[in-house]
Amino acid sequence: MFKNILLASDGSEHSIRAATRAIELAKLHPEAKVTVIYVVDGSTSKQDVLRHWDSASIGDKRKKQMFPIEELAEKSNVPYELKFLHGEPGPTIVQYAEQNPTDVIVIGSRGLNKFQEMVLGSVSHKVAKRATCPVMIVK
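Residues numbered from 1 in each chain as written. Predicted model: local features only at pLDDT ≥ 70, side-chain atom pairs only at ≥ 80, totals over all residues. Heavy atoms only, no water.

A. Representation of the overall build of the protein chain. In terms of regular secondary structure, the protein chain is built from 6 helices and 5 strands. Helices and strands in the protein chain line up, N terminus first, as β-α-β-α-α-β-α-β-α-α-β. By residue count, 40% of the 139 residues in the protein chain fall in the buried class. The contacts in the protein chain between residues at least 6 apart in sequence include a share of 75% that link residues at least 24 apart. Total accessible area computed for the protein chain in this model is approximately 8,400 Å², and 53% of it derives from carbon and sulfur atoms. (Helix = DSSP H or I, 4+ residues; strand = E, 2+ residues; numbered from the N terminus. Buried < 20%, exposed > 50% of the residue type's maximum accessible area, 1.4 Å probe, protein only. Contact = heavy atoms within 4.5 Å. Areas by Shrake-Rupley, 256 points an atom, 1.4 Å probe, with all protein chains shown as cover.)

Right under this line is the structure:
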């Protein structure tokens, strides 16, 4: 069914719930693997630099945010790969999925209400709208 699973994650509780679902999907196929991508948004990156002044500690902080997801995958014996990308999250996730073998994208939702989503937009909505493969949005 789903062999190449792309998990979009930022280390939040929402993305950890999405990771649980991605791992459940991976367990259904003996050759499945999960590629976890963390997209560093330019505005977030600038704020981190101004706050910390040390790019090494910023990178370490992002890696630490991924520990719970790595632990879930390792505990479940699911092969995974972790990648850090730079750009606007929605389009970057879709672009990665189009340029790499991807059977499904799994992404968490922050649960914005209709007005917030209309005004702010949501990464999960942008991905679901533009992706050419199935997208699972986990609430």
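From this point, things continue past the structure.
B. Highlighting the side chain of threonine 35. Relative to the helices and strands, threonine 35 is located in strand E2 (residues 33-40). Overall, threonine 35 belongs to the buried group, its relative accessible area being 9%. Those residues within four positions of threonine 35 in sequence are excluded, and the remaining contacts are Ile5, Leu6, Leu7, Glu81, Lys83 and Tyr96.

C. Molecular detail of the pairing of strand E4 (residues 104-108). The element E4 is largely enclosed, with a buried count of 5 among its 5 residues. Inspection of the sheet shows strand E1 (residues 4-8) paired to E4 by 4 bridges, in the parallel sense. Among the inter-strand pairings, leucine 6 is bridged to a residue of E4, identified as isoleucine 105. Sheet topology places E4 next to strand E5 (residues 135-138); 4 bridges connect them, and they run parallel. From the neighbouring strand, isoleucine 105 faces E5, where its bridge partner is valine 135. (Pairing = 2+ DSSP bridges.)

D. Quick peek at the pattern of salt bridges. Counted according to the given criterion, the structure contains 5 salt bridges. Here glutamate 24 makes a salt bridge to arginine 21, at a shortest N to O gap of 2.9 Å. In this pair, glutamate 24 and arginine 21 both sit in helix H1 (residues 13-26), 3 residues apart, roughly one turn of the helix. Looking at glutamate 24, the relative accessible area reads 40%, which means it is partly exposed. For arginine 21, a relative accessible area of 38% puts it in the partly exposed group. A network of salt bridges, in which partner residues are shared, links Lys33, Glu81 and Lys83. (Salt bridge = Lys/Arg side-chain N within 4 Å of Asp/Glu carboxyl O.)

E. Fine view of H1. Taking 1.5 Å per residue, 14 residues should reach 20 Å; H1 reaches 20 Å between its end C-alpha atoms and fits that length. Three or more residues of H1 are buried, namely Ser15, Ile16, Ala18, Ala19, Ala22, Ile23, Leu25 and Ala26. Seen along its axis, H1 keeps its buried residues to an arc of 165°; they face one direction. (Expected span 1.5 Å × (residues − 1). Arc of directions from axis to C-beta.)

F. Main features of unusual backbone geometry. Positive phi values are uncommon outside glycine, yet asparagine 77 reaches one of about 60°. Counting through the fold element by element, asparagine 77 comes out in the loop between helix H3 (55-75) and strand E3 (80-86).

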